Amino acid sequence: MLASQANRVMELGEWEERWQDNRIGFHQPEVHKMLESNIDKVLASRTGVRFFFPLCGKAVDMKWLADQGHSVVGVEISEMAVKQFFEENNMTYSEEPVPAIPGAKVYKSSEKNISLYQCDLYSFSSSIGGQFGAIWDRGSLVAINPKDREKYAALIISLMAKDCRYLLDTLLYNPELYPGPPFFVPDEQVQSLFGKSCDIEQLQSVDALTDRHRGWGLDFLTENVHLITPKSV
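All values derive from a computational prediction rather than experimental measurement. (Residues numbered from 1 in each chain as written. Predicted model: local features only at pLDDT ≥ 70, side-chain atom pairs only at ≥ 80, totals over all residues. Heavy atoms only, no water.)

*Asks:* Please provide a residue-by-residue account of the packing of aromatic side chains, values included.
*Replies:* Enumeration according to the criterion identifies ten aromatic pairs in this entry. Consider the rings of Phe 86 and Tyr 93, whose centres lie 5.0 Å apart with planes at 25°: the pair is stacked. Since its relative accessible area comes to 26%, Tyr 93 is described here as partly exposed. Measuring from centroid to centroid gives 5.8 Å for Tyr 93 and Tyr 107, while their planes differ by 55°, and the two rings are tilted. On the criterion of sequence distance, the pair formed by Tyr 93 in strand β3 (residues 93-97) and Tyr 107 in strand β4 (residues 105-109) is long-range, its members being 14 residues apart. Grouping aromatic residues by their ring pairs yields a cluster made of Phe 52, Tyr 117, Phe 124 and Phe 132. Its guanidinium or amino end placed over the ring of Trp 15, Arg 18 lies 5.1 Å from that ring's centre, counting from NZ or CZ. Positioned above the aromatic ring of Tyr 122 is the side chain of Lys 151, whose terminal nitrogen or guanidinium carbon lies 4.1 Å from the ring centre. (Phe/Tyr/Trp six-rings, centres within 6.5 Å; stacked < 30°, edge-to-face > 60°. Buried < 20%, exposed > 50% of the residue type's maximum accessible area, 1.4 Å probe, protein only. Helix = DSSP H or I, 4+ residues; strand = E, 2+ residues; numbered from the N terminus. Lys NZ or Arg CZ within 6 Å of the ring centre and 35° of its normal.)

Shown next, in the form of structure tokens:
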């Protein structure tokens, strides 16, 4: 099943073009239901948690968490997406270079604790952004090129603080019917990517098939949400 998408590659420029052309069907105008329904498990009674959003786009989830007193760091390749996030949420922001990443910029909200790095995700590291108490991964692992998943998992694990709670949203469908993205990520691969160093608990599994997905040629689509936490040594 994985073989049919194994060599599929989306260049960074293609993602930027999607933003330029407003082909952003992956963007959701409301807070994601999977985040809302599992937020208590992610927070685990903690306040002021540092959240990491890989490939954040202009997700409204970031403002929702910041409004609750948490801090948010996101990484996104599209400058347009980053600027739209601040503008659509009526936030003023500053813009400055990131010395450790040539060509990168960080955009910081003046009112909320939100910092968005406009750069290639793999240029980001804990030496630049520190480690995080929570990660919300919706549309990130399923969007990266399948051949890069081990590199991606290594980066995510390196960004996890000891008490990190990583909420991962994955999609199951027949990859022979649709090339992706979003890509098919089976539970077994979640286990192989993160299982050595982390405990993995599946929190939810729901039928997510819509007319949009039927238009892709899919006959089923299951959305799974996993809670991934570092194993205590």
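*Asks:* Residues and numbers for helix α7 (residues 187-194), please.
*Replies:* Residue pairs three or four apart in sequence face the same way in an α-helix, which turns once every 3.6 residues. Within the sequence span of α7, burial applies to Gln 189, Val 190, Leu 193 and Phe 194. Mapping the buried residues of α7 onto a view down its axis gives an arc of 110°, with all of them on the same face. Exposed side chains of α7 directed beyond 90 degrees from the buried face belong to Glu 188 and Ser 192. On the buried face of α7, the contacting elements are α6 (149-158), β7 (160-172), β8 (198-207) and β9 (222-230). (Arc of directions from axis to C-beta. Contact = heavy atoms within 4.5 Å.)

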